[in-house]
Amino acid sequence: MIWLTWRQFRAQALAALGAIAALALLFALTGAHLGHLYDSSGLSGCSGAEACSTAKSTFFTDLKANSLYPVLYFAGVVLLYLAPAVIGIFWGAPLVAREVEAGTFRLAWSQSVTRSRWLVVKLGLLGLGAVATAGLLSLTVTWWAGPIDRAAALPGGGQSLGEALPNHFMPLIFGARDLVPIGCAVFAFALGVTAGVLARRLLPAMAVTLLVLAAVQVALPMAMRAHYLAPERTTTALTVSPNTPGVNLRIDGGNTQVNKPVDIPGAWVTSVRTVDAAGRPWNGPAPQICLSQSSTPEQCLGAINQLHLSQVVDYQPADRYWTLQGIETALYLVGAAALGGFCAWRVRSLRLN
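Residues numbered from 1 in each chain as written. Predicted model: local features only at pLDDT ≥ 70, side-chain atom pairs only at ≥ 80, totals over all residues. Heavy atoms only, no water.

(A) Inspection of the pattern of salt bridges at higher detail. Enumeration over the complete set of coordinates arrives at five salt bridges. Ionic pairing is found between Glu 328 and Arg 225, a salt bridge with its closest N-O pair at 2.7 Å. Highlighted residues: Glu 328 in helix α11 (residues 321-349) and Arg 225 in the loop between α8 (202-224) and β1 (232-237), separated in sequence by 103 residues. Judged on exposure class, the residue Glu 328 and its partner Arg 225 are both buried. Of the charged contacts in the structure, one is a salt bridge between Glu 232 and Arg 320, with a shortest N-O distance of 3.6 Å. A residue pair is termed long-range when its members are at least 10 positions apart, and Glu 232 in strand β1 and Arg 320 in the loop between β5 (310-316) and α11 qualify at 88 residues. (Salt bridge = Lys/Arg side-chain N within 4 Å of Asp/Glu carboxyl O. Helix = DSSP H or I, 4+ residues; strand = E, 2+ residues; numbered from the N terminus. Buried < 20%, exposed > 50% of the residue type's maximum accessible area, 1.4 Å probe, protein only.)

Following this line, the structure appears as structure tokens:
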């Protein structure tokens, strides 16, 4: 069974191995210089918001000077979202669907090897292949992007550089780092096998795998990730001035919105609410001077400061990163185990005629 499984899927395995080797070489050649830029910018030894902000600016400038780094950064993210889909479509979906569609399952399942053993061996070997493939890709990309992720987690200037140095807690980045891509790849493989068992045709199984996996990859970060653990909460005074970076003031009729970026190094800020001195949500009315055509921005912001507003911030602290990674990976693995159990039951019930 092991030899037969290797013969059937050696083309996919060798293609994956070649792709990983080529990507690892590319990232290795550029990663050393990226680490050098991080060290030479002063980020590795900075302390305090002002010093780290200056070092971040230097690092950001160096990154922009070479257009290859942004391309590789986002290419790594895309790669780790595509890899589970490729595994599910080209490894998982054909495992049963191709046998049923070609009719070879009648021969394979009528030999001395039972259906359960046939399925367990194939699921086990290809599942390990999926783990190894996703693990090596995630290790390579996470190592290469490490200097950028560490820079984004340092204090000072995180908001002004937020788009250029995304925090590894960001929904898009979190799913392309460390453990989560491995769990997603195992789930995608099991999903592909399940789609093949149910559809019994290869192309429909591939399409279903892609659609369902994409929906899961969107639903988890958008609807569930923020609720894995109860967020911590802090309240900060909302003091604004024309020189405060990132201040947002919007006056629309009777409604007013005012806020400024919150800098909690390395944390994932999930919500920011503006409240008044009594702790009630505040959305206006704006001070009368802000509505006057003759007032200056300084006068308006000064009047807003007299309201003694605060911002209530809900966030996941930096030290919860690995806990959240573990929770999401476990969800993927539990889903994969459930799908694998369903496939085992379904394969035993399929008729040979």
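Right, picking up where we left off after that structure.
(B) Inspection of the nonpolar core at higher detail. Grouped together as the largest cluster of nonpolar side chains are 27 residues, with contacts concentrated most on Leu 34, Leu 43, Phe 59, Trp 144 and Ile 148. Of all the secondary structure elements, the ones that give two or more residues to this core are α1 (2-40), α2 (49-65), α3 (68-102) and α5 (115-153). If you tally residues by element for this core, the top one is α3, at seven residues. Within the second largest apolar cluster, 19 residues are counted, among which are Ala 85, Phe 174, Ala 188 and Tyr 321. (Core = buried A, V, L, I, M, F, W, Y, C linked by side-chain atoms within 4.5 Å.)

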